[in-house]
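The chain contents come next:
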Amino acid sequence: MDYKVADLGLADFGRTEIELAEHEMPGLMAMRERYGAAQPLKGARIAGSLHMTIQTAVLIETLVDLGADVRWATCNIFSTQDHAAAAVVVGRNGGTVENPSGVPVFAWKGETLAEYWDEAEKVFDFTDESGNSVGPNVLLDDGGDITMLVHLGVEFEKAGAVPAQDSTDNEEFKEVLRVLERSLANNPGRWTSIAAEIKGVTEETTTGVHRLYERFKEGSLLFPAINVNDSVTKSKFDNKYGCRHSLVDGINRATDVMIGGKVAVVCGYGDVGKGSAESLRGQGARVIVTEIDPICALQAAMDGYEVKRLESVVDKADIFVTTTGNFNIIRAEHFAQMKNQAIVGNIGHFDNEIDMAGLAKIPGIVKSEIKPQVHQWIFPDGKKIIVLSEGRLLNLGNATGHPSFVMSNSFTNQVLAQIEVFTKTEQYPVGVYVLPKHLDEEVARLHLDALGVELTELTQEQADYIGVEVSGPYKPEHYRY
Ligand code: NAI
């Protein structure tokens, strides 16, 4: 079995935490119970790219219990929990550190960008029952990196060449080009045949979904995609309540700074922004929101936050958090005006929300590591700015991401989406889909007992009066929650 993780010796610790997490993930446990015998994912070869955490370990092992063959990489260089990765590799059924028998994982905390893209490519290397090399037939993606690898691979194969690495000044994209160039040289046609086998992708996050809709719009999407993010039980829970938990967790573990009384700026008031602002307010911070969308700006104001332009408050705030999924939100000119020891972090998917390249180019600036994933940038006049996780998502880089219970909602949607796309392929022509509402409601239902929720049941007369079935769905598609 091939794999690459930090230390298999951490597997026992990982297994203990996985078992604790299982108790907090009733949705995934229900999937195992409901579908374990039927094995709906038998024959599925799932290539996964999603933060390799304890919660993801429970997801991976659920997919395996439903019959899938799985290979996994992380979708972020800092988010892996090494004990989770080790436990998944060692496995549950008699696997040992010397003789692991779990799932091939290619992830460790603190990868370089080159390592990240080398490992991402390895999730495509399956072997079939006769020992032949084959590709995956389903993708499970978070942010769209492995989906992009396939699409670019096919495009470059069609063109017969990969653009030169010096055609871009984006350091990360250079690594993508390097990996694809090597692949085209060693195995021309590989990505085209991989793409032909892929029944679909299930995408976890806002940013990845955005990339899928763009491809679909321009006509370049190669296979169907299920937008897991926009299940209500994903984005309205993970993005919001997950960040409400894990944002301050990241800031605390990184800096231990007293948040109460400080002025914090949250850029963006979408789902992640709403959870982040509440998280900081819960600690007693005075929170200011920035927005470009008048609806979200009005929501923030009516939720009791000041709404300002970054330029108006940049010299007054102590903590800055970007949550936009957009790029170039905090730039060099903002850093120049910040207070000494301002803390800057990002919780959106990619690191370009904060212009790290622009920061590094400020004349005379020096970067110094306080501890891994916490750096101070020292200006020539001695002013220091503290940057978390080098601008990458701080709740996973500086802490351990969202807690199990909320991830159980997200990942139950992932499992249902994998079953949909793998078993009902013909119902999904190339396009981007959300799961039907009855499944969304079902995911929520699976999490009620654990919280002691008593759900009121409609009478038949009441159901008729509001025009729904007693068993749901209870809302029209356009309802926004
Ligand atoms: P969203 O679309 O609901 O919210 C983004 C908000 O930012 C929007 O309201 C938009 O109007 C605003 N915005 C865009 N440009 C702006 C600008 N220049 N200044 C101020 N506001 C601006 O998206 P969502 O679901 O909140 O996701 C945001 C990002 O977080 C995405 O990259 C997503 O993939 C990521 N994410 C991260 C998670 C984590 O655990 N760290 C969890 C879930 C999502």
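Residues numbered from 1 in each chain as written. Predicted model: local features only at pLDDT ≥ 70, side-chain atom pairs only at ≥ 80, totals over all residues. Heavy atoms only, no water.

Labelled according to an unreviewed UniProt entry, the protein chain appears under the name Adenosylhomocysteinase, originating from Nocardioides yefusunii. Listed under Catalytic activity (unreviewed entry) in UniProt, the entry text for the protein chain is "S-adenosyl-L-homocysteine + H2O = L-homocysteine + adenosine". Here the protein chain is described in UniProt, under the heading Function (unreviewed entry), as follows: "May play a key role in the regulation of the intracellular concentration of adenosylhomocysteine." (UniProt positions renumbered as here; feature names shortened; annotations may be inferred.)

### A closer look at the overall build of the protein chain
When helices and strands are tallied, the protein chain shows 19 helices and 17 strands. Relative to the globule expectation of 23 Å for 481 residues, the C-alpha radius of gyration of the protein chain, 23 Å, shows essentially globular dimensions. Dimensions along the principal axes, computed over C-alpha positions, put the protein chain at roughly 65 × 65 × 45 Å. Scored against the burial criterion, the 481 residues of the protein chain give a buried share of 55%. Sequence separation of 24 or more characterises 73% of the internal contacts of the protein chain that already satisfy a separation of 6 or more. Counting only carbon and sulfur atoms, one obtains 51% of the accessible surface of the protein chain, whose full area is about 20,800 Å². Side chains of the protein chain carry 44 positive and 69 negative charges; the gap between the two charge centres is 5 Å. (Helix = DSSP H or I, 4+ residues; strand = E, 2+ residues; numbered from the N terminus. Rg over C-alpha atoms; globule rule 2.2 N^0.38 Å. Buried < 20%, exposed > 50% of the residue type's maximum accessible area, 1.4 Å probe, protein only. Contact = heavy atoms within 4.5 Å. Areas by Shrake-Rupley, 256 points an atom, 1.4 Å probe, with all protein chains shown as cover. Lys, Arg positive; Asp, Glu negative; His and termini not counted. Charge placed at Lys NZ, Arg CZ, Asp CG, Glu CD.)

### Some thoughts on the site of the ligand
Surrounding the ligand, one finds 27 residues, the nearest of these being Thr-205, Thr-206, Thr-207, Glu-291 and Ile-347. One of the side-chain N or O atoms of Thr-205 is found 2.7 Å from an oxygen atom in the ligand. Residue Thr-206 places a side-chain N or O atom 2.7 Å away from an oxygen atom belonging to the ligand. Its free accessible area being 860 Å², the ligand has 85% of it covered by the protein chains. Residue assignment for the shell around the ligand shows that the elements contributing at least two residues are helix H9 (206-218), helix H10 (232-255) and helix H11 (271-282). In terms of residue count, H10 provides more of the shell around the ligand than any other element does, three residues in total. For the shell around the ligand, the residue count by class is seven nonpolar, 15 polar and five charged. (Near = heavy atom within 4 Å. Polar contact = N/O pair within 3.5 Å; in protein donor to acceptor, adjacent residues only side chain to side chain. Nonpolar A, V, L, I, M, F, W, Y, C, P; charged D, E, K, R; others polar.)

### Notes on the pairing of strand E10 (residues 286-290)
Burial of E10 is extensive: four of the five residues sit out of reach of the surface. Here strand E9 (residues 263-267) pairs with E10 via five bridges, running parallel. Paired with Val-263 across the strands is Arg-286, a residue of E10. For the segment spanning E9, H11 and E10, crossover handedness is right-handed. What joins E10 to strand E11 (residues 306-307) is helix H12 (residues 294-302), and the crossover it makes is right-handed. (Pairing = 2+ DSSP bridges. Right-handed = clockwise from strand over helix to strand, strands pointing away.)

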